[in-house]
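# Close look at the chain arrangement
So you can see what is in the structure, the chains are spelled out below.
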Amino acid sequence: PIRTLVVTSSGPVEGKTTTAANLAIALAQAGKRVILADTDLRRPTLHKLFNVPNRLGVSTALLQENIAAVDDQLVATGVENLSLLPSGPLPPNPADLLQSPRMEMLIRELKTLADVVVFDSPPVLAVADATLLARLCDGVLLVVLSDSTRTGVLQQAYERLHQSGATLMGTVLNRVDASKNGYYKNYYYYSSTIE
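Residues numbered from 1 in each chain as written. Predicted model: local features only at pLDDT ≥ 70, side-chain atom pairs only at ≥ 80, totals over all residues. Heavy atoms only, no water.

For the rest of this paragraph, the subject is the sheet that holds strand β7 (residues 168-174). Pairing between the strands of a sheet is mediated by backbone hydrogen bonds and can be parallel or antiparallel. With mixed pairing, the seven strands of this open sheet are ordered in space as β3-β4-β2-β5-β1-β6-β7. In the strand order of this sheet, the two ends are held by β3 (75-76) and β7, each with one partner. Sheet topology places β3 next to strand β4 (residues 82-85); two bridges connect them, and they run antiparallel. Within β4, the residue paired with Val75 across the bridge is Leu84. Set on the sheet, helix α1 (residues 16-29) makes contact with β1 (4-9), β2 (34-38), β4, β5 (116-120), β6 (139-145) and β7; between it and β5 the angle comes to about 170 degrees. Running over the sheet, helix α5 (residues 101-113) touches β1, β2, β4 and β5 and is turned about 135 degrees from β5. (Pairing = 2+ DSSP bridges. Helix = DSSP H or I, 4+ residues; strand = E, 2+ residues; numbered from the N terminus. Contact = heavy atoms within 4.5 Å. Axes fitted to C-alpha atoms, helices over the stretch in contact; angles between N-to-C directions.)

Structure below.
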């Protein structure tokens, strides 16, 4: 079973944060205890999406003495069964924090507090953060922007994740235009010819 999942993309503005949030909400609505963690320690946005403060979070949990006190830094989201661990203040060395033994301890602690932990991370090709985190988690979900992400860029992202030892669980094709040739148009044509 997947307990920890990293959501990333090859580049910026592909919808990884929205995908991570929607996935976490869907899991919580299905009855799972979910923690959504903002591990984009360079450009965090989950606290804005949920309109919560960003004073405490991943960075403060990693820098404090007692990792077990991380539950004090979780924030209610207004969605039943879903807690948010914001990024916290931006650290000077995000990659060093994410590959530290303390990050492994934090992941273990988060798993004791939830059935599933979803990590929103920076894009794979922008910085090494996503691949560092992916090695520590059960799987990775790669978000691809429809009609925008180039095949070569996607291939580079896949290779980088694969080389890091991450387990790619699948991809999410984001912002698909259903009005173009595709399933819905073909479905409409098929059903109208039957009638």
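Alright, that's what it looks like, and here's the rest.
Let's shift gears to the nonpolar core. The biggest cluster of nonpolar side chains holds 28 residues, and the ones touching the most others in it are Leu85, Met103, Leu106, Leu110, Phe119, Leu133 and Leu161. The dominant element in this core, judged by the number of residues it contributes, is α5, at four residues. Once residues within four sequence positions are removed from consideration, Leu85 is found in contact with Ile35, Leu36, Ala37, Asp38, Gly57, Val58, Val70, Gln73, Leu74 and Leu110. Counting residues in each nonpolar core, the second largest holds 17 residues, with Leu5, Ala24, Ala28 and Phe50 among its members. (Core = buried A, V, L, I, M, F, W, Y, C linked by side-chain atoms within 4.5 Å. Buried < 20%, exposed > 50% of the residue type's maximum accessible area, 1.4 Å probe, protein only.)

On the secondary structure map, Thr39 appears in the loop between β2 and α2 (46-49). The class of Thr39 is buried, set by a relative accessible area of 0%. Excluding residues within four positions of it along the chain, Thr39 makes contact with Val58, Leu98, Met103, Phe119, Asp120, Ser121, Pro122 and Leu133.

Quick look at α5 now. Compared with the 18 Å implied by 1.5 Å per residue over 13 residues, the 19 Å span of α5 between its first and last C-alpha is a close match. Residues of α5 that are buried include every one of Met103, Leu106, Ile107, Glu109 and Leu110, and no others. The buried side chains of α5 occupy one side of the element, clustering within an arc of 165 degrees when seen end-on. Exposed and facing more than 90 degrees away from the buried side of α5 are Pro101, Arg108 and Thr112. (Expected span 1.5 Å × (residues − 1). Arc of directions from axis to C-beta.)

Here we come to the confidence of the model for the protein chain. Overall, the predicted model of the protein chain reaches an average pLDDT of 86, with 90% of residues at or above 70. Per-residue pLDDT, averaged within each element of the protein chain, yields its smallest value for helix α8 (residues 183-194) (47) and its largest for β2 (98). Across residues 187-195 the pLDDT falls below 50, and counting only partners more than four positions away or on other chains, this stretch makes zero contacts in the model. (pLDDT = per-residue confidence, 0-100.)

It is worth spelling out the pattern of salt bridges at this point. Pairs can form between side chains of opposite charge whenever their charged atoms are close. Enumeration over the complete set of coordinates arrives at four salt bridges. With its nearest N and O atoms 3.1 Å apart, the salt bridge here joins Asp120 to Lys16. On the criterion of sequence distance, the pair formed by Asp120 in strand β5 and Lys16 in helix α1 is long-range, its members being 104 residues apart. Each of the two residues, Asp120 as well as Lys16, counts as buried. The partner of Arg42 in a salt bridge is Asp129, and the shortest N-O contact between them spans 2.8 Å. Separated by 87 residues along the polypeptide, Arg42 in the loop between β2 and α2 and Asp129 in helix α6 (residues 129-134) bring together distant segments of the chain. Accessibility expressed as a relative area gives 0% for Asp129, which makes it buried. One salt-bridge network, in which partners are shared between bridges, spans Lys16, Asp40 and Asp120. (Salt bridge = Lys/Arg side-chain N within 4 Å of Asp/Glu carboxyl O.)

Relative to the assigned elements, Asp38 resides in strand β2. For the buried Asp38, which has no salt bridge, the nearest side chain bearing the opposite charge is Lys16, at an N-O separation of 6.3 Å. Within the structure, Asp38 has its side chain in polar contact with the backbone nitrogen of Asp40 (distance 3.1 Å). Among the polar contacts listed, one links the side chain of Asp38 to the backbone nitrogen of Thr45, at a separation of 3.2 Å. With near-sequence residues (within four places) excluded, Asp38 lies in contact with Pro44, Thr45, Leu46, His47, Val58, Leu85, Pro86, Ser87 and Asp120. (Lys, Arg positive; Asp, Glu negative; His and termini not counted. Polar contact = N/O pair within 3.5 Å; in protein donor to acceptor, adjacent residues only side chain to side chain.)

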